[in-house]
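Structure at a glance
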Amino acid sequence: MESDKSDLKGLVEALLFLSGEPLKLASIAKSVECEKHEARELLDELILDYQEKNGGFVLKEVAGAYLFVTNEKYSEILAKLFKEKKREQLSRSSLDTLAIIAYKQPITLSEIDEIRGVSSRAMVTSLISKKLVKPVGNKEVPGRPALYGTTKDFLLHFGLNKLSDLPTPVEVKELKFENLDDLIENGQE
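Anyway, here's the lowdown on the structure attached to this text. If you're wondering where the values come from, they're calculated on a predicted model, not measured in any experiment. (Residues numbered from 1 in each chain as written. Predicted model: local features only at pLDDT ≥ 70, side-chain atom pairs only at ≥ 80, totals over all residues. Heavy atoms only, no water.)

A separate point is the nonpolar core. For soluble globular proteins, nonpolar side chains are generally found buried alongside one another. In terms of nonpolar packing, the biggest core is built from 23 residues, with Leu98, Ile101, Leu127 and Phe154 touching the most fellow members. Among the secondary structure elements, those contributing two or more residues to this core are β1 (57-62), β2 (65-70), α5 (92-104), α6 (109-116), α7 (121-129) and α8 (152-157). Counting residues domain by domain, this core receives three or more from each of domain 1 (1-75) and domain 2 (92-186). Once residues lying within four places of it in the same chain are set aside, the contact partners of Ile101 are Ile107, Ile112, Val124, Leu127, Val133, Tyr148, Gly149 and Thr150. In this structure, Leu25, Leu43, Tyr50 and Phe68 belong to the second largest nonpolar core, which totals 17 residues. (Core = buried A, V, L, I, M, F, W, Y, C linked by side-chain atoms within 4.5 Å. Buried < 20%, exposed > 50% of the residue type's maximum accessible area, 1.4 Å probe, protein only. Helix = DSSP H or I, 4+ residues; strand = E, 2+ residues; numbered from the N terminus. Domains from an automatic or database assignment. Contact = heavy atoms within 4.5 Å.)

In structure tokens form, the structure reads like this:
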């Protein structure tokens, strides 16, 4: 029986490695033909195995799915090595707008404008094109303005599993960054 479990664990590992995109628990269980609780046990074991190994990459649950990511302890040197492949950075205005949406969602454009004190239409449009924000409905007031919220890509971009993983506003105020680039560049892959 232990041999079968080892084989199944190896199959789950190979599936995640070759996937190229995050896989949900149900999809993994279906692919390897086992029950969800068995797949969860195998995934938990793999997560521990990679943490204990402390190698170049780890298995992580992000946005409700599982994927391999590089070990954070190598992020600085890898960023230098792969500088040309760096993902598009967000401007200060975009990051401000995204933070407002993330913490206040669902929120209308006029509510965002009121908080920022300037028009945010271009920023929201840019964030939608980057798939970090999407319309999530309409507010039940005259004119029925669109409500905006963050997407699964937002969670992936910032290495979060769920919105409740965002730091609290108090924790954000306690962070000390020399400049905005430190905040932007320290996002998780």
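Let us keep going from here.
This brings us to helix α2 (residues 25-32). If you check which residues of α2 are buried, you get Leu25, Ile28, Ala29 and Val32. All buried residues of α2 lie within an arc of 95 degrees about the axis, which places them on one face of the element. Glu33 lies just past α2 and shows a positive phi near 55 degrees. (Arc of directions from axis to C-beta.)

The next point concerns unusual backbone geometry. Outside of glycine, negative phi angles account for most residues, and trans bonds account for most peptide bonds. The peptide bond linking Gln105 to Pro106 adopts the cis configuration, its omega dihedral lying at -5 degrees. Structurally, Pro106 is set in the loop between α5 and β3 (107-108). Although it is not a glycine, Asn54 adopts a positive phi angle of roughly 55 degrees. A positive phi angle, near 40 degrees, is found at Arg144, a position not held by glycine. By the secondary structure assignment, Arg144 is in the loop between β4 (133-138) and β5 (146-150).

Turning our eyes to something else, we now look at the environment of Leu132. By the element assignment, Leu132 lies in the loop between α7 and β4. Residue classification places Leu132 among the buried positions, given a relative accessible area of 4%. Sequence separation between Leu132 and Lys152 is 20 residues, and the spatial gap between their C-alpha atoms is 7.6 Å. Setting aside residues no more than four positions away along its own chain, Leu132 makes contact with Leu90, Leu98, Leu127, Gly149, Thr150, Thr151, Asp153, Phe154 and His157.

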